[in-house]
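# Results of the structural survey
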Amino acid sequence: MSAPASIIWLARQELRLAWRDWRSLMTASERRPLSRALLVLAFVAVSLHLPAYAMVARFADVGLAPDVTQLFSLSLVVLLYLSLLLSQAMESVTRTLYSRGDLDLVMSSPVAPARLFSVRIAANAVLMAIMALVLSSPFIDVLVLVGGPRWLAGFGVAVAVAVVASAVAVALTVGLFRLLGPRRTRLVAQVLAAVIGAAFAIGIQIVAIVNYGGPGGAAALLASPTLTAHLPAAGSPLWLPARAVFGDLAALVAVVAIALATLAAVMAAFAPRLGEYSLAAVDLIPTRHRHQRRFRIQSPRWAMRRKEWLLLRRDPWLVSQTLTQLLYLVPPALLLLHNFNGASGSMVVVVMVLVTVGGQLAGALAWLAISGEDAPDLVATAPLVGAAVVRAKVEAVMGALAVVLGPLLVIVAVISPYHAAFAAVGVAIAALSTIQIQLWFRAQARRSHFRRRHTSSRIATFAEALTSFSWAAAAGLAAAGSGLAAASAVIALLILAGARSASPRKALASPGAVM
Amino acid sequence: MASPGTEHRLDMDRAGDLPALRLRGLTKSFDRPAVDALDLTVRAGEFYALLGPNGAGKTTTLRMVVGLLRPDAGAIEVLGVDALAEPVAAKRLMAWVSDEPMIYEKLTPLEYLAFVAGLWGIEPAAGERAALELIDWLGLAAHANERCEGFSRGMRQKVALAGALVHDPRLIILDEPLTGLDAGTARQVKDVLQARVAAGGTVIMTTHILEVAERMAERIGVLSRGRLIAEGTLAELSLRAGRGGSLEDVFLTLVADGAAA
């Protein structure tokens, strides 16, 4: 048994909290059995091996002495993986930095801050490593099964990449903190995390093109003599991670050693003052606003809409989440555009992407406005009928959606008014559908729990996504003049009907109000 | 001293002898009866304290009055308005302050008050004037344009109270409004409430701080197991309990008698 306040003791405490946090996330705060969540996870993990087989099985027979092009391609994959993990790690570090949690307790305890925050940085790296293992497992499993045990080295590289990502995330976030100050860092770090994460998705797109090749594709570019001539030789340290993945044990030892050294350096450099930064972040001097034009109220509904818009605009987590949502949809759009040759086909893809984004974004905004109402008693005791409150909130969501997607729709309209009309109608229907799902499944929650909104109802989450995709397909097919649009629309309506029958409340009512 | 925003006061209610609140047979059950056929009348222009042990049904009663819970049976009348038949009209006359101040972290106090004034349909100029007066009166002027996210509990409670007053309600209902407040802030809140009553408003408040009820309330109601077991001035309650002393002594005797009955 470890001594109290020792490094091992602190690490056990951190990991226990992380485990309980994860368990709570998986079981929706113990409302569902853990065994069921584990079964679903296992099913998903096994299912992922099929696409993984299709993607990587053919590379399993690459020998222990790969050429430069192969090393370059695999290095790109490692880099993309690093960007994904870095995004997650930055998000995690920012969240830790800006939440008070047990900060007062630990900072007032006799434990040296350097020791405590070293443990926290290390614990975060362990969690990132577990995530990295889970994400890479289907691909590495396939390579091991097809190509032999030498591919097991891939797991070592996955862990090393996660450790480096955790260390770089701490360094980057603290660097931003010093450069921009606590107030700006929160938003900038969140946005940066979203952009870095999207870089991974965009990168996957490039890899997909590389894998499938084709005239003018990136495969041809990567294999071109011009590029190969500028790449370092196969023995360069630059290719260490790639060589490690291919099963070079010496390279693997070097990669893991570099990763651990990076983490140790970051712990030594930043842990002693991380507590002070965190205190500075949570004790921010409140933002001041100019007092002007606040009492321009015209009706209670107007007041409600204005309040919702103010809160949406001032939500840093929402800004980054929205940006992530938009950025993650760019690669699929690019991929689809790449596969469509005609201009009309491209516009159909644009219609589909816009409708999908519209539906998903409306769902997120509706959760904030409807379930994330921080003063439900105030709204419920105000002299408004419930339907008026709901209508005002829906109007606020649709208005915010119009601000985000309106400019894109205008651009589409300039190119093709015909397709813009389908996109606008599709966005409106998809948005109203996901808002309706939020109304059926609403559950009072703190606005700050936005990141965990999916845990309150998996059915609502899936229904939102499937409805958006179905309406996107319907709008795209309709724009392409296909009669199959009707079938897709029927599917969307069936999903809505299913969501309604599974929802805890099937009728519209005001949030919290009873009369 | 008159509190801000009390231009159109309620002397007419006093003159007309219209009760601020009348409950008849109010009933609500969850797993067991929480409020049991409760009859209660609060006169307009009085400070009424509702006392009772934990689980007596105080909060449930008040939440039904302000429209946050639907009663299983009974009638609620607010200044002559049937609150179950005309909820919007009744809500227009009332304000609710809960023990946990619910405000928006990302709004400033002035923005919050503008929102509340808007919900109650207050004319903008009057709303802004009342808001500024309340902000000043509650000592929030230095923070009027700061977001509420960094505010202490006391400051949040002041903002919530200002929100309850900005639309000049004729009936203010407060559930444990002094919980967790420091002495200075509690004093300010008490001053605000007494000023409202002095100006003709009606205040109904639950509290576990019996000295506050003893000192501020004109009449006190004691709830136990969802029923009103005693009501009156402190002197009347003392007589009923058959003992003198502090309200604490009287309260404990009444509750013990009520439990034994």
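Residues numbered from 1 in each chain as written. Chains lettered and ligands numbered in written order. Predicted model: local features only at pLDDT ≥ 70, side-chain atom pairs only at ≥ 80, totals over all residues.

## Some thoughts on the overall build of chain B
Helix and strand content of chain B: 10 helices and 10 strands. Relative to the 2.2 N^0.38 estimate, which gives 18 Å for 261 residues, the radius of gyration of chain B is 18 Å and therefore close to what a compact globule would have. C-alpha extents for chain B along the principal axes are approximately 55 × 40 × 40 Å. Per-residue burial for chain B yields a buried fraction of 51% across its 261 residues. The contacts of chain B with a sequence gap of at least 6 include a subset with a gap of at least 24, amounting to 72%. (Helix = DSSP H or I, 4+ residues; strand = E, 2+ residues; numbered from the N terminus. Rg over C-alpha atoms; globule rule 2.2 N^0.38 Å. Buried ≥ 20, exposed ≤ 12 C-beta atoms within 10 Å, placed from the backbone. Contact = placed C-beta atoms within 7 Å.)

## Concerning the overall build of chain A
Along its length, chain A carries 20 helices and 0 strands. A burial count over chain A gives 39% of its 515 residues as buried.

## Digging into the packing of helix H17 (residues 417-440) of chain A against helix H19 (residues 458-479) of chain A
Residues and elements named next belong to chain A. Here H17 crosses H19 at 160°, and the two axes come no closer than 9 Å. Looking at the two axes, H17 sits roughly antiparallel to H19. As for how H17 packs across H19, the hand of that crossing is right-handed. For the pair H17 and H19, the contacting residues are His419, Phe422, Ala423, Gly426, Ile429, Ala430, Ser433, Thr434 and Ile437 in the first and Ala460, Ala463, Glu464, Thr467, Ser468, Trp471, Ala472, Ala475, Ala478 and Ala479 in the second. Counted by class, the contact of H17 with H19 contains 12 nonpolar, 6 polar and 1 charged residues. (Axes fitted to C-alpha atoms, helices over the stretch in contact; angles between N-to-C directions. Parallel < 35°, antiparallel > 145°, perpendicular 65-115°, else oblique. Left-handed = near helix turned anticlockwise from the far one by under 90°. Nonpolar A, V, L, I, M, F, W, Y, C, P; charged D, E, K, R; others polar.)

## A closer look at helix H2 (residues 34-56) of chain A
Here H2(A) is 23 residues long and its end C-alpha atoms lie 32 Å apart, about the 33 Å a rise of 1.5 Å per residue gives. For H2(A), the principal kink sits at A:Leu50 and spans about 25°; a proline, A:Pro51, occurs within the next four residues. (Expected span 1.5 Å × (residues − 1). Bend = angle between axes of the 7 residues up to and from the residue.)

## A few points about the environment of A:Leu192
All names here are of chain A. Along the chain, Leu192 turns up in helix H6 (residues 153-212). When the 21 C-beta atoms within 10 Å are taken as the criterion, Leu192 is described as buried. Sequence separation of Leu192 and Leu172 is 20 residues, and the distance between their C-alpha atoms is 10.0 Å.

## Points about the interface of chain B and chain A
On the side of chain A, 33 residues touch chain B, which itself brings 40 residues to the contact. Where the side of chain B that touches chain A is concerned, the elements lending two or more residues are helix H3 (87-93), strand E6 (94-97), helix H4 (109-119) and helix H5 (124-137) of chain B. Considering every element that reaches the side of chain B that touches chain A, the biggest residue donor is H4(B), with 8 residues. Here the residues of the side of chain B that touches chain A are counted per class, giving 21 nonpolar, 9 polar and 10 charged.

## Topic: the nonpolar core
A:Val351, A:Val355, A:Leu365, A:Val397, A:Ala423, A:Ala475 and B:Ile173 are the most contacted members of the largest nonpolar core, which totals 154 residues. The biggest single contributor to this core is helix H14 (residues 343-371) of chain A, with 18 residues. Judged by nonpolar contacts, the second largest core, of 65 residues, contains A:Leu97, A:Leu116, A:Val157 and A:Leu240. (Core = buried A, V, L, I, M, F, W, Y, C linked by C-beta atoms within 7 Å.)

## Things to note about the packing of H19(A) against helix H20 (residues 484-502) of chain A
Residue and element names in this part refer to chain A. Running from N to C, H19 and H20 point in directions that differ by 165°, and their axes come no closer than 8 Å. Considered as vectors, H19 and H20 are oriented roughly antiparallel to each other. Relative to H20, the crossing made by H19 is left-handed. The residues of H20 that touch H19, namely those facing Ile459, Ala460, Ala463, Leu466, Thr467, Ser470, Trp471, Ala473, Ala474, Leu477 and Ala478, are Leu484, Ala485, Ser488, Ala489, Ile491, Ala492, Ile495, Leu496, Ala499 and Ala502. Residue classes in the contact of H19 with H20 are distributed as 18 nonpolar, 3 polar and no charged.

## Comments concerning the pairing of E6(B)
Residue and element names in this part refer to chain B. Residues of E6 alternate between two faces, with Met94 and Trp96 on one and Ala95 and Val97 on the opposite face, all of them buried. Taken together, the 4 bridges between E6 and strand E7 (residues 171-175) define a ladder with parallel strand orientation. Each bridged residue has a counterpart across the sheet, and for Met94 the counterpart in E7 is Leu171. (Pairing = 2+ DSSP bridges.)

## Structural notes on the confidence of the model for chain A
On average, chain A scores 82 in pLDDT, and the residues at 70 or more come to 83%. pLDDT under 50 marks residues 507-515 of chain A. Its contacts with residues more than four places away, or in other chains, come to 33 contacts. (pLDDT = per-residue confidence, 0-100.)

## Regarding H20(A)
Note on helix geometry: an α-helix contains 3.6 residues per turn, so any two residues three or four positions apart are oriented the same way. All names here are of chain A. The terminal C-alpha atoms of H20, which comprises 19 residues, lie 27 Å apart, in line with the 27 Å expected from a rise of 1.5 Å per residue. Within H20 the residues assigned to the buried category are Ser488, Ala492, Ile495, Leu496 and Ala499. Burial along H20 is one-sided: seen end-on, the buried residues are contained in an arc of 100°. Of the residues in H20, the exposed ones pointing more than 90 degrees away from the buried face are Ala486, Val490, Ala497 and Ser501. (Arc of directions from axis to C-beta.)

## Re the pairing of strand E4 (residues 73-78) of chain B
Residue and element names in this part refer to chain B. Pairing between strand E1 (residues 19-29) and E4: 5 bridges, direction antiparallel. Residue pairing across strands places Arg24 opposite Ala75, the latter belonging to E4. Where E4 lies against strand E5 (residues 81-82), 2 bridges are found, and the strand directions are antiparallel. Pairing of Val78 across the sheet is with Val81, part of E5. Between the antiparallel neighbours E4 and E5 lie 2 residues, among them Leu79 with a positive phi of about 50°.

## Here we look at the sheet that holds E5(B)
The sheet built from 4 strands is open, its strands ordered E2-E1-E4-E5 (chain B) with antiparallel pairing. With partners counted over all chains shown, the strands left at the sheet margins are strand E2 (33-43) and E5 of chain B, one partner each.

## As for unusual backbone geometry
Residue and element names in this part refer to chain B. A positive phi angle is found at Ala37, which is not glycine, with a value near 50°. Mapped onto the elements of the fold, Ala37 is located in strand E2. By the C-beta count within 10 Å, which is 15 here, Ala37 ends up partly exposed. With a phi angle near 50°, Glu176 is a residue other than glycine that sits in the positive phi range. Within the fold, Glu176 resides in the loop between E7 and helix H7 (183-198). Here Glu176 falls in the partly exposed class, since 17 other C-beta atoms lie within 10 Å of it.

## Looking at the sheet that holds strand E9 (residues 219-224) of chain B
Residues and elements named next belong to chain B. Strand order in the open sheet made by the 6 strands is E6-E7-E8-E3-E9-E10, with mixed pairing throughout. Two strands bound the open sheet, and with one partner strand each, they are E6 and strand E10 (227-232). Here the average twist between neighbouring strands, direction ignored, is 15°. Across the sheet, helix H2 (residues 58-65) lies against strand E3 (47-51), E7, strand E8 (202-206) and E9, angled at about 145° from E7, the strand it touches most. Of the strands in this sheet, E6 and E7 are in contact with helix H6 (residues 153-165), which crosses E6 at around 170°.

## Quick word on the confidence of the model for chain B
Residue and element names in this part refer to chain B. Per-residue pLDDT for chain B has a mean of 86; in total, 91% of the residues score no lower than 70. In this model residues 7-15 is a low-confidence stretch, pLDDT under 50, and it forms 17 contacts with partners more than four residues away in sequence or in other chains. Here the predicted complex carries an ipTM of 0.77, next to a pTM of 0.70.

## Structural notes on the environment of A:Ser482
Topologically, A:Ser482 is positioned in the loop between H19 and H20. C-alpha of A:Ser482 to C-alpha of A:Thr322: the two residues are 160 residues apart in sequence and 31 Å apart in space.

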